[in-house]
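Descriptive structure summary
Here's the letter readout for the chains.
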Amino acid sequence: MRNDQWNPSNGRRGSVMKSWVTKVLVSVAVLGSAAAASAGGLDRVGTSGAQELRIPVGASSIAIGGSTVALGGGLANLYYNPASLASTDESQALVSYSTYLADAKVNYGAVATHLGSQGEIAFHAKVLNIGDITVTTEDAPEGTGEILTPNFSVVGVSYARRMTDRVLLGFTTSFVNEKVADAQASGFAVDLGVQYDTGWRGLRFGFAMKNIGPNMRFDGPNFEERVALPGSDPSAQPHVVRLQTAEFEIPTYLQIGMAYDLPIGENRHVGLYGAFQGNNFSTDEYRIGADVPIGEWLNLRGGFQGQMPLSKEDRQQDYVYSYTYGAGVNLKLGDRPFHFDWAGSHAGEFFDDNQQFSLGLTF
């Protein structure tokens, strides 16, 4: 089955490597606990920037509610856990197109190559297009004739490696750029991921820390102003001062998940997935999903994501997400597997459902 390309191999088994892997797992668990303990609530909603980092890609994973932290899947699940990249030993390419909130569009492309025993490396780019904006002023409320085209992009590189036959490690480094008119903000973010296969009935666990990085701020030529200091000579040249904008944080969060293969026949299983997401700038979330194979070439998928707090006063009243759905078709071009995936995400009563289409090729 294509959606979980976890094919254990004979990894390093030395005592030194096992000890090192154990330390990494413990460190990730400690970081995760700290992040969950300090996760933000309603008082921090809307205080972070660079939200394009939180726009998911990979239709097969989105259709399962984004519950795929412990899923393999290679490039198809790279967004949710960079360790997924090491679940396959083949080169891959993936492109996707998404509709998003308020008529925004998202384009994404990624390519990964196998480095032999050194692991896998991938390069990827995501561009958010919110459309053109007509510039208006008090004197020209119908528009000045100037059109702005804001640009929000994320370009990254990922590396992952199979440390043992059961442990996968990976990381992603992303460059983030936002530009509106002459104002621009740039920064970078790092994702860290671990996946562990228990070897028992297809049970697997995954951990991911997302968007670790420094604060960002907007800057540009229009932030300079010429001012005359109080009490200065009227004939003197004005002083040039530069306005400094406030910094904003990027949306860091933690994900912990598990996956289980439920047998439904010879060499066939239903993938069951669940995940917890501890957010620093909103309420925490849970995600669940299932992937059901229909024959040899079709998969039907569904999922749900919701808020963890049970009390009404601790929940976001404007939370829009709930159920997800989708399907995947697995075919071949000659001897090269390729897959077409589709996912839909319900986005409340005020927006149309988000739709994403992905096309992947293994070569």
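Thresholds applied
Residues numbered from 1 in each chain as written. Predicted model: local features only at pLDDT ≥ 70, side-chain atom pairs only at ≥ 80, totals over all residues. Heavy atoms only, no water. Core = buried A, V, L, I, M, F, W, Y, C linked by side-chain atoms within 4.5 Å. Buried < 20%, exposed > 50% of the residue type's maximum accessible area, 1.4 Å probe, protein only. Helix = DSSP H or I, 4+ residues; strand = E, 2+ residues; numbered from the N terminus. Contact = heavy atoms within 4.5 Å. Phe/Tyr/Trp six-rings, centres within 6.5 Å; stacked < 30°, edge-to-face > 60°. Lys NZ or Arg CZ within 6 Å of the ring centre and 35° of its normal. Polar contact = N/O pair within 3.5 Å; in protein donor to acceptor, adjacent residues only side chain to side chain.

Another aspect to go through is the nonpolar core. Among the nonpolar cores identified, the biggest contains 20 residues, and Leu75, Leu78, Leu85, Tyr108 and Ala122 are the most heavily contacted of them. For this core, the secondary-structure elements that each account for two or more residues are helix 2 (59-62) and strand 2 (105-114). The leading source of residues in this core is strand 2, at three residues. Those residues in contact with Leu75, other than ones at most four positions away along the chain, are Leu85, Gln92, Ala93, Leu94, Ala110, Val111, Ala112 and Ala122. Residues Val154, Ala189, Met216 and Phe248 belong to the second largest nonpolar core, which totals nine residues.

Once that is clear, we can look at the packing of aromatic side chains. With the rule as written, the count across this model stands at eight aromatic pairs. Through a chain of ring-to-ring contacts, three or more aromatic side chains come together here, namely Tyr323, Tyr325 and Trp342. A cation sits over an aromatic face here: Arg54 above Tyr253, 5.0 Å from the ring centre. Note that Lys210 overlies the ring of Tyr79, its terminal NZ or CZ placed 4.0 Å from the centroid.

What follows deals with the side chain of Ser91. One can find Ser91 in the loop between helix 2 and strand 1 (92-99). A polar contact is formed between the side chain of Ser91 and the backbone nitrogen of His114, at a distance of 3.4 Å.

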